[in-house]
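# Summary of structural features
Take a look at the letters that make up each chain.
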Amino acid sequence: MTSRGKAIEVEGVTKDFGTFRALDGVSFDIYDNEFFTLLGPSGCGKTTLLRMLAGFDAPTSGAIRLHGKPILDLPPHKRRVNTVFQSYALFPHMTVEQNIAFGLENLGWPKDRRSARTAQMLEMVHMAQFARRRPDQLSGGQRQRVALARALAPEPEVLLLDEPLSALDLKLRQAMRDELRTLQRQTGITFVFVTHDQEEALDMSDRICVLGQGRIQHLGTPNEIYEDPANRFVADFIGETNFLPVQVISVDGDMASVKTPMGQVVTTLQKAATAGQAATLSLRPEKIGMEDQAVGEIMQGRVTNKNYMGGYTHYTVDVGGTELRVSKRNAISHSQSFEIGREVRLGFRHDSARVLGA
Amino acid sequence: MRADFRIWGLLPAWVIMGFTLIIPIGIVIAVSFAARGAYGGFDWALSGEPYVQILYQVGWTDELEFNPQYLYIIARTLWLAAITTLICMAVSLPVAYYIARQPRAVKAALVYLVTLPFWVSMIVRVYAWLMILGNDGVIEKALVATGLTSGIDSLLFNDGAMLVGMVYSYLPLMILPVFASVEKLDGALIEASHDLYANRWVTLRRVILPLAWPGLMAGAILVFVPCLGAVLEPILLGGGKQLLMGNLIQTQFGGGRNWPFGAAIAVVLMGLVMIVLMARALRDGGRHDAA
Amino acid sequence: MTRHDVRHYPGLGLLTAAFFAYLYLPIAVVVFFSFNENRLVSVWTGFSLKWYDSALSNRALLDAVKTSLTLAVIAMVLSTTVALMAALVLVRAKGVKGRRISETVVNLPLLLPEIVSAVAVLILFSQLGLTNGLAKLVLAHTAFCIPFAFLPIRARLQGMAPDYEEAAQDLYATPWVTFRRVTLPLILPGVFAGAMLAFVMSMDDFITSNMLASGGNTTLPVYIFGLIKQGTTPELNAISTLIIVASLIIATTALVLTFRRRIP
């Protein structure tokens, strides 16, 4: 890994609202040219953290630095950081052009430089022909792009995005995800993105910081977070998984042998397991094969529920008293499907599961 | 910067209010304990006389006699204010309900029409009632023209005329809060009530009235308090004899030239207002209604 | 159909119509008889504008109008400015100590019967030896106009999400630039409505103006009161009608301003 500069350093940030502790000693670094996502359920503190970076809130204790300089004492208009607001907050009494130029005017840019930059921004977000329109004449997706252009125009050191896609409908959201990703790569500006939608996070981010109960639950790449979640919270929040209560028999480095409720002993990757203790086995539905796709650790079960979803069919299978969710891809037309009540054979590779702390 | 503005942004308001209201009120209270000045005004001498004067007067035998006339005035003021408030409440609820049910454009137009008279100077509005109720006034002329009577004693210069005037002056103040309350009323609640076997009367009593109550209470305060201090209606429609607390105070500072006594009555008036406001605050504290 | 429309209560329409009749009857009467040719107010003898003529050439009346207008304009400007500053602090600033009590203080004139505050100010000014009639009136009027300017401004500010001001600050606008280029344009209708309300309250005021009245400072309502005590005259009707018309124009402007263009 190249030694990249640190765009933002968050150190021991704690935030209390009365007796409620929203953030508890959170520390992490964000590197230059990174698409960094703060992910978590509502109320986990991610928006609070973002607002602290922007300057609209301050921590109860802790420090925040922007490219090495502490910024907590600076008001928002003195920080070289810009925000794309969840509601977009486009000034309704100004045109698209005027909105984009607003920050540049306040920074004292000369007129020709402002015009050039505004035109460049409009091109970049494909909104050139709407330059003279007012926000109330634009659609949701168009407003979002103007908000982006307005925030990027002043060449900030970091761009903050507060759930910018939440107001858009599905198709538009997916299109915007690609656009945002491309934009970040093109401009090379560090993006700090806040969302509660884990699909979005997995799709766009270089690294994800999963927040829960005011603390960092896991900080890593999308792949790490999905495949090797640090704990139950993360495994549960990201994607779907089956949790099996297991008994740890032995631990050997980063592998552990556990006894499942179905009786088998499985050896797989582990985090925070101790021999002789109870733990949780996390097994994702797509990693369990049915019938002829069942390989590795084999189990017998009976289908109790079936949800046809078009591209996938989700089954609930009762295996010796434990209910497992299994996801089968309908790879060929009119794939084989299993009716409720049918006995099926299930199998998963032993390294597909993960042992997590109880 | 921002921190400073928090202080000096509020400063002008505090200074002006302090200078023109808070300090003066303090002075009024002080003056109410002062002695009557020889040439009007007052002397800085501590005296309980103004308050004594509310209840007693020096009789023929140079002894203090109980004098109920001022108590009558205070009681009459409370009585009229209460009646005015009740009438306003009774009228505004059905009217507000009706207006709230209209389609948007009609509703806006009606609300506009309701508030419009409020913008016309009160003196003009009270004067208008003089024209209607007075001798040779509109009502008398109309009654005579239809042959019902051949002339009536003036409808003016009594409690009834004052009542009409006061209701008229303060009704717009009541309508708006009541309307705000009624508009928020979810029509589905009324339907649910009927669905559960209540008729219109029961629904009114057990669903609409309780939900409109916050608005009614807010409006009641807006009407009751100014009514207590009414000056124009008693003077113009009531004949100007010392009929209500408002113009009683007024005359002490005009022809009567008994400032401490006027101040004492003003303090009593303030006391009544405070009682009303505190009663309201206590009620609000007890309930957790969303107004 | 009304058997099924359970939200409908019979008779309300009629009641409302009667209500509006009651509301507008006095105004209609005043206006109607202002055009009466006859000197006797209630006997109609013909249409005439002569009372308007006499009203508009009445020296004393015009002086009173001038006094009222001057006073109202000054009070409007001062009270709206003070109210605007107070509203900005009370609605937007975080962690303001004694916010509740400050709001009560700003709205104090609404909580006191006017006769009490009029008397209080009279005593204060006489003790201070303040004799300048206009100064006394300006001070008193500004004070009771403040809550009337405050309420519409506050309502408009509360209806405006703080997002816009935050976005402006995010884009390097200082607090002053934020106020000038973002906050003020967006709350302007509320400010105008407040100013207009303050103007009307000052123009209409009787009790305080009467209490503080001295030689050359008769306001319009006080002057009219003097006329009324002499008996009803058609000239009075004409003056009143003019006032009604002026009030309606201002009221309409203010209401239109308040309801147009909600902030998204």
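The rules behind the values
Residues numbered from 1 in each chain as written. Chains lettered and ligands numbered in written order. Predicted model: local features only at pLDDT ≥ 70, side-chain atom pairs only at ≥ 80, totals over all residues. Heavy atoms only, no water. Helix = DSSP H or I, 4+ residues; strand = E, 2+ residues; numbered from the N terminus. Buried < 20%, exposed > 50% of the residue type's maximum accessible area, 1.4 Å probe, protein only. Areas by Shrake-Rupley, 256 points an atom, 1.4 Å probe, with all protein chains shown as cover. Lys, Arg positive; Asp, Glu negative; His and termini not counted. Charge placed at Lys NZ, Arg CZ, Asp CG, Glu CD. 1 Å grid on protein atoms, 1.4 Å probe; cavity = no way out; pocket = protein on both sides within 12 Å on 5 of 7 lines; lining within 4 Å. Points joined across faces, edges and corners; volume = space filled by probe spheres on them. pLDDT = per-residue confidence, 0-100. Core = buried A, V, L, I, M, F, W, Y, C linked by side-chain atoms within 4.5 Å. Contact = heavy atoms within 4.5 Å. Salt bridge = Lys/Arg side-chain N within 4 Å of Asp/Glu carboxyl O. Polar contact = N/O pair within 3.5 Å; in protein donor to acceptor, adjacent residues only side chain to side chain. Pairing = 2+ DSSP bridges. Buried area = accessible area lost by both parts, 1.4 Å probe. Nonpolar A, V, L, I, M, F, W, Y, C, P; charged D, E, K, R; others polar. Axes fitted to C-alpha atoms, helices over the stretch in contact; angles between N-to-C directions. Phe/Tyr/Trp six-rings, centres within 6.5 Å; stacked < 30°, edge-to-face > 60°. Lys NZ or Arg CZ within 6 Å of the ring centre and 35° of its normal. Patch = residues over 30% accessible without salt bridge, like charges linked within 9 Å, V, L, I, M, F, W, Y side chains within 5 Å.

## Re the overall build of chain A
The secondary structure content of chain A amounts to eight helices and 20 strands. Across its three principal directions, the C-alpha atoms of chain A cover 75 × 50 × 40 Å. Across the 358 residues of chain A, 51% fall into the buried class. For chain A, the exposed area adds up to about 15900 Å²; of that, 48% sits on carbon and sulfur atoms. Here chain A contributes 42 positively and 42 negatively charged side chains, and the mean placements of these two sets differ by 4 Å.

## What about empty space enclosed by the protein?
The final tally for this structure, using the stated rule, is two cavities of 30 Å³ or more. Estimated volume of the largest cavity: approximately 80 Å³. Considering the residues around the largest cavity, the lining is formed by Thr20(B), Leu21(B), Pro109(C), Ser117(C), Ala118(C), Val121(C), Ala140(C), Ala143(C), Phe144(C) and Thr208(C). At the level of secondary structure, the elements contributing two or more residues to the lining of the largest cavity comprise α2 (11-31) of chain B together with α6 (114-128) and α7 (133-158) of chain C.

## With respect to the confidence of the model for chain B
Any segment with low pLDDT has predicted coordinates that should not be analysed in fine detail. All names here are of chain B. Per-residue confidence for chain B gives a mean pLDDT of 81, with 84% of residues at or over 70. Mean pLDDT values over the elements of chain B span from 68, in strand β3 (residues 56-58), up to 91, in helix α4 (residues 69-100). Among the scores for the predicted complex, ipTM is 0.80 and pTM is 0.79.

## Some details on the nonpolar core
Grouped together as the largest cluster of nonpolar side chains are 200 residues, with contacts concentrated most on Ile8(A), Leu38(A), Val192(A) and Val28(B). Leaving out residues up to four positions away in the same chain, Val192(A) has contacts with Ile8(A), Ile30(A), Phe36(A), Leu38(A), Leu50(A), Leu53(A), Val158(A), Leu159(A), Leu160(A) and Leu161(A). Among the nonpolar cores identified, the runner-up in size contains 34 residues, and Met124(A), Leu138(A), Leu159(A) and Ile189(A) belong to it.

## Here we look at the side chain of Arg79(A)
All names here are of chain A. Mapped onto the fold, Arg 79 is located in the loop between β5 (69-70) and β6 (81-84). Lacking a salt bridge, the buried Arg 79 has Asp 73 as its closest oppositely charged neighbour, with an N-O distance of 7.7 Å. In terms of polar contacts, Arg 79 uses its side chain to reach the backbone carbonyl oxygen of Leu 74, at 3.0 Å.

## Regarding the environment of Val223(B)
Residues and elements named next belong to chain B. In this fold, Val 223 is placed in helix α10 (residues 200-228). For the pair Val 223 and Ala 81, spaced 142 residues apart in sequence, the C-alpha separation works out to 8.0 Å. Not counting the four nearest positions on each side in its chain, Val 223 is found in contact with Thr 84, Thr 85, Cys 88, Tyr 170 and Met 174.

## Digging into the sheet that holds strand β4 (residues 61-66) of chain A
Residue and element names in this part refer to chain A. Taken together, four strands build an open sheet; the order of strands is β2-β1-β4-β5 and the sheet is antiparallel. In this open sheet, the two edge strands, each paired with only one partner strand, are β2 (20-31) and β5. In this sheet, β5 lies alongside β4 in antiparallel orientation, the contact comprising two bridges. Considered in β5, the bridge of Leu 66 is made with Lys 69.

## Concerning the pairing of strand β18 (residues 322-329) of chain A
Residues and elements named next belong to chain A. Inspection of the sheet shows strand β17 (residues 312-319) paired to β18 by eight bridges, in the antiparallel sense. Bridge pairing links Thr 313 to Lys 328 in β18. The hairpin formed by β17 and β18 contains two residues between the paired strands, and Gly 320 there has a positive phi angle of roughly 55°.

## Points about the interface of chain B and chain C
In this complex, chain B contributes 83 residues to the contact, which on the side of chain C involves 91 residues. Each partner contributes to the roughly 7800 Å² buried at the junction of chain B and chain C, and carbon and sulfur atoms together form 80% of this total. Linking Glu191(B) and Arg7(C) is a salt bridge whose minimum nitrogen-to-oxygen distance equals 3.0 Å. Ranked by the residues each element gives to the side of chain B that touches chain C, the list is headed by α2(B), at 15 residues. For the side of chain B that touches chain C, the class distribution of residues is 66 nonpolar, ten polar and seven charged.

## Focus on the sheet that holds strand β13 (residues 265-270) of chain A
Each strand in a sheet pairs with another by means of backbone hydrogen bonds, the pair being arranged parallel or else antiparallel. All names here are of chain A. The strand order around the closed barrel built from five strands is β11-β12-β13-β20-β14, with neighbouring strands paired in mixed fashion. The average angle at which neighbouring strand axes cross in this sheet is 55°, direction not considered. Relative to strand β20 (residues 354-357), strand β14 (residues 278-283) is paired through four bridges, and the arrangement is antiparallel. Pairing of Ala 279 across the sheet is with Gly 357, part of β20.

## Quick word on the environment of Val273(B)
All names here are of chain B. Structurally, Val 273 is set in helix α13 (residues 259-286). On the basis of relative accessibility, which here comes to 2%, the residue Val 273 falls in the buried class. In the structure, Val 273 is positioned 49 residues away from Phe 224 in sequence and 8.8 Å away in space, judged by C-alpha atoms.

## Here we look at the pattern of salt bridges
Inspection of every chain in the model, using the stated rule, returns 27 salt bridges over all chains. Here Asp24(A) ties to Arg21(A) by a salt bridge, and the two come within 3.4 Å at their closest N and O atoms. Here Arg92(C) ties to Glu165(C) by a salt bridge, and the two come within 2.4 Å at their closest N and O atoms. Of this pair, Arg92(C) sits in helix α3 (residues 59-92) while Glu165(C) sits in helix α8 (residues 163-170); the two residues are 73 residues apart in sequence, bridging distant segments of the chain. Note on Arg92(C): relative accessible area 17%, which makes it buried. Since its relative accessible area comes to 9%, Glu165(C) is described here as buried. Three or more residues are tied together by salt bridges with common partners; here these are Asp16(A), Arg21(A), Asp24(A) and Arg215(A).

## Concerning helix α1 (residues 46-54) of chain A
Extensive coverage of α1(A) is indicated by the burial of seven of its nine residues. Of the residues one or two after α1(A), Gly55(A) is the one with positive phi, at around 110°.

## Considering the side chain of Glu233(B)
Residue and element names in this part refer to chain B. If you trace the backbone, Glu 233 turns up in helix α11 (residues 232-237). Buried Glu 233, no salt bridge; nearest opposite-charge side chain is Arg 125, N-O distance 7.6 Å. Polar side-chain contacts of Glu 233 include one of 2.9 Å to the side chain of Ser 169.

## Quick word on the packing of aromatic side chains
Aromatic ring pairs: the centre-centre distance and the angle between the two ring planes describe each pair. Scanning the model with the defined rule gives 18 aromatic pairs over all chains in all. Aromatic pair Trp129(B) and Tyr22(C): ring centres 5.6 Å apart, planes at 50°, arrangement tilted. In this pair, Trp129(B) sits in helix α6 (residues 122-133) while Tyr22(C) sits in helix α1 (residues 12-34), so the two residues belong to two different chains. For Tyr22(C), a relative accessible area of 23% puts it in the partly exposed group. Aromatic pair Phe206(C) and Phe225(C): ring centres 4.7 Å apart, planes at 55°, arrangement tilted. One end of the pair, Phe206(C), is in the loop between α9 (175-204) and α10 (207-211); the other, Phe225(C), is in helix α11 (residues 220-229), and 19 residues separate them in sequence. Of the two residues, Phe206(C) and Phe225(C), neither departs from the other in class, the shared state being buried. The ring of Tyr226(A) carries the charged tip of Arg284(A) above its face, separated from the ring centre by 3.9 Å. The ring of Tyr9(C) has Arg200(B) sitting right over it, with the charged end atom 6.0 Å from the ring centre.

## Description of unusual backbone geometry
In terms of backbone geometry, most residues other than glycine have negative phi values and most peptide bonds are trans. Residue and element names in this part refer to chain A. One non-glycine residue, Asn 33, adopts positive backbone phi at about 55°. Turning to its location among the elements, Asn 33 is positioned in the loop between β2 and β3 (35-39). Phi is positive for Tyr 88, which is not a glycine, with a value near 75°.

## Some remarks on a nonpolar patch on the surface
Residues and elements named next belong to chain B. A surface patch of nonpolar side chains, amounting to about 510 Å² of accessible area, comprises Val 52, Leu 55, Tyr 56, Leu 64, Phe 66 and Leu 71. Sorting the residues of the nonpolar patch by element identifies α3 (49-55) and β4 (64-66) as the ones contributing at least two each. Summarising the element assignment, Phe 66 is placed in strand β4.

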